[in-house]
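# Notes for the structure review
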Amino acid sequence: MILKHKHLLGIEQLNPSEISTILETAESFLEVSRREVKKVPILRGKTIVNLFFEPSTRTRSSFELAAKRLSADILNFSRVSSSVVKGETLKDTVLNLEAMNIDALIVRHSASGAPHFISTFCRSHIINAGDGTHEHPTQALLDAFTIRQEKKRLRGLKVVIVGDIIHSRVARSNILLLRKMGAKVVCCGPPSLVPLEFRTYGVDINYNLDEALKGADVVMMLRIQLERQKKNFFPSLREYISLFALTPQRFSLAKKDAIIMHPGPINRCVELSAELADSARSVILKQVENGVAVRMAILYLLLGGKEREDTD
Amino acid sequence: MKILIKNGRVIDPLSGIDDTLDILIKDGQIVELKPKIDTSEARTIDASRLVVTPGLIDMHVHLREPGYEYKETIASGALAAARGGFTSIACMPNTLPVNDNRGITEFILGQAKKANLVNVFPIAAITKGLQGKELTDMADLQAAGAIAFSDDGRPVTSSLIMRRALEYTRMLESLIIDHCEEPELSADGVMNEGEWSLKFGLRGIPAAAEEIMVARDILLTKLTGSPLHLAHVSTRGSLELIRWAKANQLPVTAETTPHHLLLTDKMIANYDTNLKVNPPLRSEADRAALLQALQDGTIDAIATDHAPHAPDEKDVEFDQAPFGIIGLESALPVLLDRLVQKKIITLNRLVELLSTNPARILRLKNKGHLRVGADADLTLIQLQKKHTLDVSRFASRSRNCPFAGWSVKGMAVMTIVGGRIIYSTLPQ
């Protein structure tokens, strides 16, 4: 391990210099994916399991490609075709996979803290690929990587995060990372989705999107799930769009060189107008490309190099 | 058989005794209580370095039998109680089947008699099947031995049903014990709602979910004039409502738990399912308010809400784990160590909270009191005994105890029920 942690459970556990190390390491991996032969032998002989209990396109594919481009063997596990549907517990599932001598588990689970729970009994490296409404550290790292690529820095930037903050693991990890790296964060959305307790993270809360957008360097839009409306978090999609959707007119309030980000999947014309999603200011597909490099960096930093004593 | 307990520091809050006295027990009763008793025919216990209190009463436990014997049985729960210094326990009706009829009440009493350890007082359901819709045959249940009524674990959501239950129990001179929770507001929450639920990404249960029902129940007590006991009170807001009720002379009493007094929501950081309880562990501000309420009398009793779950059930994701933790064998040590030794409350006050008041609330006339003629239920405590709480040695069938591994000072060393020594660590 080159990183002093055995697992990547969350941004919470990382300090600014570790975050910088990951981002700098990812720079060097970006080029690998652009080569004719997209493969380096760094993790040859390592076995990695993609343990996904929730549906995912981007994250699962991104980890799979990252592992393959580092020459690791990767096993894809999905909930529907597994014994989980027969009622096997998470602990038993993991212990059985581990009995096959694996090196790392990439965990996506609907329960917050599931990767932390696994780490209490598992010998392998655990990488959190999204746990419930808690954290999604690799997404925050790839977002930070993308922002640095565009803005050359993180410190001092104004980042506005808009939408369903309370249910978003992407928002939590991004807020933690951006605050650690000295960016200013403003959260915007209806109060039912953006509770005031978020101020304890050191972010500002503004329920008015126009005001929030003033002087923004980065606008991060979150997916709004239609089921939230059924639970009355907001009255109707129509009203949500009128108050919180990013339109070209609203976006003009941000800085001239501001960028638009979205962790995907997008609801076109809901949180983000199609025009903006496809515009030159949108870095949504760059986020996806960078995701592979960042995940290669994380796998390399956790599994590669000389083994050291576990420190956590 | 006579027992003479000599030279103990005898504490009886009801009669104001805190003195070195001898106690003579015969035929299950206290027959003498004075500075110096000499008799040659009694088994003599040297209590000169011990505290002697009226037997502790845990008015809120789950014994899981019938139906969930893999979690706990009446016998294992009764032994856990004895080892924790409790001489009486009142068990909640959420068994399988539910204790909503005479047959189950009698079965529980029969099992308790077979176990032949502590006194077990069944609490019967308020509504059939705990469904909150139809009242149980309360008079029949009371005649069979039900000491009080509760749908604990589930709220009685209908205010009308709660009103009728309160009215009816007034005739019986019995008691309603309510688990206060507004279920739509608590919904699928798993921990206290606030800063920490947000950080851990766990769904929150707001304090208001408890307080709305506490307020409703207090107003129904005002309407009906019937006594009401509030189970496991956990929030500052609930305490303010109880203060209002008491200031208005309403017959409302309240309990809290050792875990709500000693643990907070912030500790859930590592997703330890042994911190998952309902009501949830609250904020530090709530905890401080509970400690204050112990001192000022807003809280009348401490009960463990002993809720055993098998290790496999708790060894899962936080969201999946059942609510509840065990407390019978840890309560007295942690309360002595963290409240009495730290001078938050006096030892006398702790005895009030664990014995005098539960006996009064449950109308156990000959218990919770040391006087000639009272039941010979006594707990002998060694205050200076340092030890570590080792759950692997607990008598309970379950291990879901958040106090596991705590180093504490003070424990029960002998438990006497009906004049019989049922548990002792003292040399013979």
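Since the structure is predicted, the reported quantities are computational estimates derived from the model, not experimental observations. (Residues numbered from 1 in each chain as written. Chains lettered and ligands numbered in written order. Predicted model: local features only at pLDDT ≥ 70, side-chain atom pairs only at ≥ 80, totals over all residues.)

## Notes on the overall build of chain B
Keep this limit in mind: Numbering of helices and strands runs from the N terminus, with a helix taken as a DSSP run of H or I at least four residues long and a strand as a DSSP run of E at least two residues long. Our radius of gyration is a C-alpha quantity, and the globule rule it is checked against amounts to 2.2 Å times the number of residues to the power 0.38. Counting other C-beta atoms within 10 Å of each residue's C-beta, where C-beta atoms are placed from the backbone, gives the exposure class: buried for 20 or more, exposed for 12 or fewer, partly exposed between. By definition, residues are in contact whenever their C-beta atoms, placed on the basis of the backbone, come within 7 Å of each other.
Across its full length, chain B holds 13 helices and 18 strands. Taking 428 residues into account, the globule formula puts the C-alpha radius of gyration at 22 Å, and chain B, at 21 Å, falls close to it. Once the C-alpha set of chain B is aligned to its principal axes, its extents read approximately 65 × 45 × 45 Å. Counting over 428 residues, chain B shows a buried share of 59%. Sequence-distant contacts, at least 24 apart, represent 75% of the contacts inside chain B between residues at least 6 apart.

## Some details on the nonpolar core
All names here are of chain A. Keep this limit in mind: In this description, a nonpolar core means buried residues of the types Ala, Val, Leu, Ile, Met, Phe, Trp, Tyr and Cys, linked to one another by C-beta atoms lying within 7 Å.
One finds Val160, Val162 and Val219 to be the most contacted residues of the largest nonpolar core, which totals 237 residues. Take this core: its biggest share by element is 11 residues, from helix H12 (residues 284-303). When sequence neighbours within four positions are dropped, the list of residues in contact with Val162 reads Cys188, Gly189, Leu209, Val219, Met220, Met221, Leu222, Phe244 and Leu246.

## Side note on the domain arrangement of chain B
All names here are of chain B. Stated formally: Domain segmentation is taken from an automatic or database assignment of domains. Residue polarity follows a fixed list, in which Ala, Val, Leu, Ile, Met, Phe, Trp, Tyr, Cys and Pro are nonpolar, Asp, Glu, Lys and Arg are charged, and the others, Gly among them, are polar.
When cut into domains, chain B gives domain 1 (2-51 + 375-424) and domain 2 (55-361). Centre-to-centre, using C-alpha coordinates, domain 1 lies 25 Å away from domain 2. Opposite the 31 residues of domain 1 that make contact, domain 2 presents 44 residues. Where the side of domain 1 that touches domain 2 is concerned, the elements lending two or more residues are strand E16 (378-388), strand E17 (407-417) and strand E18 (420-424). If one sorts the elements of the side of domain 1 that touches domain 2 by residue count, E17 sits on top with seven residues. Per-class residue counts for the side of domain 1 that touches domain 2 are 20 nonpolar, six polar and five charged.

## What about the packing of helix H4 (residues 159-172) of chain B against helix H7 (residues 207-224) of chain B?
Residue and element names in this part refer to chain B. To keep things clear, this is the line we draw: Between N-to-C directions, angles span 0 to 180 degrees; the directions come from axes that are lines fitted to C-alpha atoms, helices contributing only their stretch in contact. For classification, angles of less than 35 degrees are called roughly parallel, those exceeding 145 degrees roughly antiparallel, those between 65 and 115 degrees roughly perpendicular, and all remaining angles oblique. Should the near helix be turned counterclockwise from the far one by less than a right angle, the crossing is left-handed, whereas a clockwise turn marks it as right-handed.
One can describe the packing of H4 onto H7 by two numbers: an axis separation of 10 Å at closest approach and a directional angle of 45 degrees. By the angle class used here, H4 and H7 are oblique. At the point where H4 passes H7, the crossing takes the right-handed sense. Across from Ser159, Met162, Arg163, Leu166, Glu167 and Arg170 in H4, the residues of H7 making contact are Arg216, Asp217, Leu220, Thr221, Leu223 and Thr224. Considered class by class, the residues forming the contact of H4 with H7 number four nonpolar, three polar and five charged.

## Brief notes about the sheet that holds strand E6 (residues 184-188) of chain A
Strand pairing in a sheet takes place through backbone hydrogen bonds and is either antiparallel or parallel in direction. Residue and element names in this part refer to chain A. Rules: In this scheme, strands are said to pair when DSSP sees at least two bridges between them.
Strands sit in the order E7-E6-E5-E8-E9 across an open sheet of five strands; the sheet is parallel. Edge positions in the sheet fall to strand E7 (204-205) and strand E9 (259-261), since each has one partner strand and no second. Inspection of the sheet shows strand E5 (residues 158-162) paired to E6 by five bridges, in the parallel sense. Bridged to Val160 within E6 is Val186.

## Details of the sheet that holds strand E3 (residues 104-109) of chain A
Residues and elements named next belong to chain A. With parallel pairing, the four strands of this open sheet are ordered in space as E2-E1-E3-E4. Each end of this open sheet is capped by a strand with a single partner; those strands are strand E2 (73-78) and strand E4 (125-131). The mean inter-strand angle of the sheet, taken between neighbouring strand axes irrespective of direction, is 15 degrees. With six bridges connecting them, strand E1 (residues 47-52) and E2 associate as parallel partners. Looking at the pairing, Leu51 lines up with Phe77 of E2.

## Here's the deal with unusual backbone geometry
Residue Pro265 of chain A follows Gly264 of chain A across a cis peptide bond; omega there is -10 degrees. Relative to the assigned elements, Pro265 of chain A resides in the loop between E9 and helix H11 (274-277). Here the bond from Glu65 of chain B into Pro66 of chain B is cis, since omega is 5 degrees, no more than 30 degrees from zero. Relative to the helices and strands, Pro66 of chain B resides in the loop between strand E6 (56-61) and helix H1 (74-83). Even without being a glycine, Asn101 of chain A presents a positive backbone phi close to 60 degrees. Along the chain, Asn101 of chain A falls in the loop between helix H3 (90-98) and E3.

## What to know about the environment of Asn101 of chain A
Taking the C-beta count within 10 Å as the criterion, Asn101 of chain A has 9 such neighbours and is therefore assigned exposed. With 53 residues separating them in the primary sequence, Asn101 of chain A and Ile48 of chain A have C-alpha atoms 9.7 Å apart.

## Focus on the confidence of the model for chain A
Where we set the bar: Here pLDDT means the predictor's own confidence in every residue, given as a number from 0 to 100.
Residues of chain A with pLDDT of at least 70 account for 97%, and the chain-wide mean is 93. Here residues 307-312 of chain A scores under 50 on pLDDT; set against residues more than four positions off or in separate chains, the count is seven contacts.

## Observations regarding the pairing of strand E2 (residues 17-26) of chain B
Residues and elements named next belong to chain B. Note that strand E1 (residues 2-12) and E2 share nine bridges and pair antiparallel. Within E2, the position partnered with Gly8 by the bridge is Leu21. Linking E1 back to E2 in an antiparallel pair, the connection comprises four residues, with Gly16 at a positive phi of about 75 degrees. Counted along the chain from E2 to the antiparallel partner strand E3 (residues 29-34), the turn is two residues long, and its residue Asp27 has a positive phi close to 50 degrees.

## What about the domain arrangement of chain A?
Note on interface size: it is often stated as the accessible area lost on association of the parts. Residue and element names in this part refer to chain A. Taken domain by domain, chain A holds domain 1 (11-136 + 289-303) and domain 2 (137-283). Summarising the inter-unit geometry, the C-alpha centres of domain 1 and domain 2 are found 26 Å apart. Between domain 1 and domain 2, the residue contacts involve 22 residues of the former and 22 residues of the latter. Every element with two or more residues in the side of domain 1 that touches domain 2 is listed here: helix H1 (16-30), E4 and H12. In terms of residue class, the side of domain 1 that touches domain 2 is built from nine nonpolar, eight polar and five charged.

## What about the interface of chain B and chain A?
With 14 residues of chain B at the interface, the matching set in chain A holds 19 residues. Here the residues of the side of chain B that touches chain A are counted per class, giving six nonpolar, four polar and four charged.

## Some remarks on H7 of chain B
All names here are of chain B. Rules: Helices are assigned an expected span. That span is 1.5 Å times one less than the residue count.
A rise of 1.5 Å per residue sets the reference length of H7, with its 18 residues, at 26 Å; its end C-alpha atoms lie 26 Å apart and thus fit the reference within 8%. Within H7, 13 of the 18 residues are buried, leaving the element largely enclosed by the surrounding structure. Just past H7, the residue Gly225 takes up positive phi, approximately 70 degrees.

## Structural notes on the packing of helix H5 (residues 137-151) of chain A against helix H6 (residues 169-180) of chain A
All names here are of chain A. Two elements in contact, H5 and H6, have axes separated by 8 Å at closest approach and are oriented at 55 degrees. In terms of orientation, H5 and H6 fall into the oblique class. When you trace H5 past H6, the crossing you get is right-handed. Counted together, Pro137, Gln139, Ala140, Asp143 and Ala144 of H5 and Val170, Ser173, Asn174 and Leu177 of H6 form the full contact between these two elements. By residue class, the composition of the contact of H5 with H6 is five nonpolar, three polar and one charged.

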